[in-house]
Amino acid sequence: MSRSDPTTLAETWRAARPAPAGVHVDSAACSRQSFATIDACAQHARHEAEVGGYVAAEAAAPVLDAGRAAVRALTGMPDAGVTFTTGSNHALDILLGDWTGERTVACLPGEFGPNLAIMARHGFDIRVLPVDEYGRLDVNAIGAALAHRPPALVHFTVLGSHSGVVQPVHDMALACRGHDIPLFVDAAQGFAHVDVANTGADAVYSSSRKWTAGPRGVGVLVTRAGVLSDATRERIGHVETNVGLHVGFSVALGEHMAVGPAAMQARLREVGAATRTALADVPGWRVREHHDEPSAITTLYPPPGVDPQVVRARLIDEHAIVTTYLGVERAPRELTRPALRVSPHVDVTDADLAAVAEALSAVTPG
Ligand SMILES: *Cc1c(COP(=O)(O)O)cnc(C)c1O
């Protein structure tokens, strides 16, 4: 099948954006934007120059409303407030800055390092939720844990930055509801990737540039009525923002909805399994996830003495392959040594994955 005549989801997705310079398997860090998204951002900037930034913003309102509607649909929160942010960390900072209750929060041991720093900065005492040997929430132990020592708040990262293990957010929400504990969900990696609809969370937030493949420097915060104070909503509604990026994000959301969330999720599960199959036998490296873990993130632990930061750099320099280096600061309470992350989007081919496996072997000393 030629690139000019795409028929599958993968081919359509690839044909819709600039050709990659090599192999891009780094979507968990930053996906590749589509032509439509890139053009929408540029066109908005041009419109600002023509009619004035504030007039252009008014003209863009329906596009932004469509973006917010897509976010409500994807989270299954039809009545929620949707605010564009500069990213996921910004959203958490808004949520915790607005919090007036007791400052105790429970989260997974694999919690994202920068999130832990934000919690600490806001004076939160951090407690750890029970997990199994994969770092996955122990759904049999969660009820007793919450009953024994209820935190004021649960912060739950549905899919981490340091592993492809998908966390059972619906079970977590059920337990929170049972104990009347508010639940905030970090869907930086989960949104537009795994099912985060109808979780029952009080707030959900994500980033544009990851699995939605929108522009960098944008994110979204979704909150049920009453979660944010009027003062905070007023404040964040009036800060200066890059409207063009919100337009681009909204276009990327529209493209995601056009394919359909279920089809995207299914294809990303397939991509994760194919990646783990391709990389399972690279000498010395160990895949962390189960083969069928339902995400497109694969984590590789290096052989002894091999530095994944050097490997990442060599993969780019010598093979034009983009992966992620995972330092332990990503999940300081769980990661004991650095790793390499491979996170293709829906368009990855078997040839791409074979090239990654071969290059990884080639740059691994010994
Ligand atoms: C990337 C990431 C964040 C931070 O997102 P930003 O948009 O960079 O602020 C938070 N949580 C997780 C799990 C992430 O992967």
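Where an unreviewed UniProt entry is consulted, the chain appears under the name Aminotransferase class V domain-containing protein, with the organism given as Mycolicibacterium parafortuitum. Reading the Cofactor (unreviewed entry) entry of the UniProt record for the chain gives the comment "pyridoxal 5'-phosphate".

## Observations regarding the sheet that holds strand β3 (residues 104–107)
Reading across from one edge, β2-β8-β7-β6-β5-β3-β4 is the order of the 7 strands in this open sheet, with mixed pairing throughout. Looking at strand neighbours, the two that pair on one side only are β2 (81–85) and β4 (125–128), the edges of this open sheet. When the angles between neighbouring strand axes are averaged without regard to direction, this sheet yields 20°. Examined bridge by bridge, β3 and strand β5 (residues 153–157) share 2 bridges and lie parallel to one another. Directly across from A106, in β5, lies its bridge partner V154. Of the strands in this sheet, β2, β7 (203–207) and β8 (219–223) are in contact with helix α3 (residues 53–75), which crosses β2 at around 115°.

## Overview of the sheet that holds strand β10 (residues 298–301)
Ordered in space as β9-β10-β13-β12, the 4 strands form an open sheet in which the pairing is antiparallel. Looking at the sheet topology across the chains shown, the edges are occupied by β9 (286–287) and β12 (324–326). In the sheet, β10 pairs with strand β13 (residues 339–342) via 3 bridges, with the strands oriented antiparallel. Bridge assignment links T298 to a residue of β13, and that residue is V342. Lying on the sheet, helix α10 (residues 261–279) is in contact with β9, β10 and β13; it crosses β10 at an angle near 20°.

Each value, and the rule that gives it
- Residues numbered from 1 in each chain as written.
- Predicted model: local features only at pLDDT ≥ 70, side-chain atom pairs only at ≥ 80, totals over all residues.
- Heavy atoms only, no water.
- UniProt positions renumbered as here; feature names shortened; annotations may be inferred.
- Pairing = 2+ DSSP bridges.
- Helix = DSSP H or I, 4+ residues; strand = E, 2+ residues; numbered from the N terminus.
- Axes fitted to C-alpha atoms, helices over the stretch in contact; angles between N-to-C directions.
- Contact = heavy atoms within 4.5 Å.

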